[in-house]
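Notes for the structure review
What follows is each chain in one-letter form.
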Amino acid sequence: MNPFSQWTFRGKILTVIAAVSVVPLAITAAVEWREASSMMIRANESLLTANITDVAGDLDSLHDTFRRLVERTARLPEVLKFLDQRGSTEQIEAQLQSILKSDPRLRDLTIFDSAGNVLAATDAAVLSRNFSFRRYFRDAIAGSTGAPDFIYSTGESPAPSVAYAAPIRGHDRVLGVMLVLVRGSAVWDYLHEGNDRAGKGSFALLLDHHGVILGHSSDDTALFHPAGRLGAAEIEHMVEERRFAGETRQLLEQPFSVPGAFDRARGEDLPTFFSVSPQSPRVETEAATRKLANAPWTLFFMVPRAAAWAPVELLVSRTLIATGALGLLALIAGFLLVGTMLK
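All values reported here derive from a predicted model rather than from experimental measurement.

Regarding the sheet that holds strand β8 (residues 273–276)
- In space, the 5 strands of this open sheet follow the order β7-β6-β10-β9-β8, with antiparallel pairing throughout. One side of each edge strand has no neighbouring strand; the edge strands of this open sheet are β7 (213–216) and β8. Adjacent strand axes in the sheet meet at a mean angle of 25°, parallel and antiparallel pairs treated alike.
- In this structure, strand β6 (residues 203–208) lies alongside β7, joined through 3 bridges in antiparallel fashion. What sits directly across from L205, in β7, is H216.
- Packing against the sheet, helix α5 (residues 185–192) makes contact with β6, β7 and β10 (297–304), and its axis sits at approximately 45° to β7.

So this is what it looks like as structure tokens:
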């Protein structure tokens, strides 16, 4: 026997009223959740894109500024004359000091001979030392203005620096190399400006083509650690270059895990937007990716999922409360109506 047939007339009427009133409200809430979620995903992606485009543009402009500076300095007649004659360094170092004082972001300017020996520099601590092991020197002496290289400088005040190097040409050959070192803070300042711009807790992350973290706008302990595990040969190569001075091996053998970002920085063809739970902060985040135009670096902009989805969750919670209240009112009204009809 059908159990429904044993219900009282009052119970049947109330059940019908509940179904007619509550089911449409529940369907409306489900549709609203789906539409609001879709809109929020698009809004978050647009916000992340706008912010990452802005910061990436600043970094590209920074690289372009100092690339042009090192190329222009390498072409100065005084620099070529100095390399040709190898006379007193007093005049050329005075000129280098003048350039150094023109921009507070500059750390050091150095002139190398073709063997990598320092002939003149604004930092006296590096004079007569040989830096042929540095990648920037090898690229420049081969005749090209190499990509900027984030390193740990080894001068009087060792510190994180970005190296820009260009060949010094004369008599149809490369005579030496001009180096401009820029303070690492020049890059990090732009990253820090991105904090909380895409929502509370949002931050910027910068990786090189090896997947090594060059900047983390909310956690300095991540600096110069790889975002994933590197191969032994890769580590040895950077140790030989003394990229991060005496700490190179220790830093590179201890990954600071950022799944998804590591693969994208190393050239994997993956979607621009993705979700990730980095080592810091230990929360699920929504992320956007952008390759820089003037350096082999990849910029990531991340926002905690809780912050990104807070508006949707608030809307849905309010909708559920309203739906429940309307359903309850409908049941009370139905109960009173049925009671009146049965008198």
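Section: the sheet that holds strand β4 (residues 160–170)
- In space, the 5 strands of this open sheet follow the order β2-β1-β5-β4-β3, with antiparallel pairing throughout. Every interior strand has two partners, whereas the edge strands, β2 (118–121) and β3 (149–152), have only one. Adjacent strand axes in the sheet meet at a mean angle of 35° when their direction is disregarded.
- As judged from the 4 bridges shared by β3 and β4, these two strands associate in the antiparallel manner. Following the sheet pairing, Y152 is matched in β4 by P160.
- With respect to the sheet, helix α3 (residues 90–100) is in contact with β1 (106–113), β2 and β5 (173–183), its orientation differing from that of β1 by roughly 150°.

Overview of the pairing of β4
- The buried fraction of β4 amounts to 10 of the 11 residues, a majority that puts the element mostly inside the structure.
- Sheet topology places β4 next to β5; 10 bridges connect them, and they run antiparallel. Across the sheet, the residue bridging to R169 is V174, located in β5.
- Two successive antiparallel strands, β4 and β5, enclose a turn made up of 2 residues, where H171 displays a positive phi of approximately 55°.

Describing the nonpolar core
- Core analysis: the biggest nonpolar cluster contains 71 residues, and I111, L299 and M302 have the highest contact counts within it.
- Per-element tally for this core: the top contributor is helix α1 (residues 9–74), with 10 residues.
- The residues touching M302, leaving out its near neighbours within four places in the chain, are L48, G201, S202, F203, L205, V258, A261, F274, V276, T285, E286 and A287.
- The next biggest cluster of nonpolar side chains, apart from the first, holds 15 residues, and it includes Y136, I151, A165 and L179.

A closer look at the pattern of salt bridges
- Under the defined criterion, the tally for this structure stands at 14 salt bridges.
- The salt bridge partner of D64 is R67, with a shortest N-O separation of 2.4 Å. With D64 and R67 both in helix α1 and 3 residues apart, the pair spans about one turn of that helix.
- Assessed through its relative accessible area of 30%, R67 is described here as partly exposed.

How each quantity is defined
- Residues numbered from 1 in each chain as written.
- Predicted model: local features only at pLDDT ≥ 70, side-chain atom pairs only at ≥ 80, totals over all residues.
- Heavy atoms only, no water.
- Pairing = 2+ DSSP bridges.
- Helix = DSSP H or I, 4+ residues; strand = E, 2+ residues; numbered from the N terminus.
- Axes fitted to C-alpha atoms, helices over the stretch in contact; angles between N-to-C directions.
- Contact = heavy atoms within 4.5 Å.
- Buried < 20%, exposed > 50% of the residue type's maximum accessible area, 1.4 Å probe, protein only.
- Core = buried A, V, L, I, M, F, W, Y, C linked by side-chain atoms within 4.5 Å.
- Salt bridge = Lys/Arg side-chain N within 4 Å of Asp/Glu carboxyl O.

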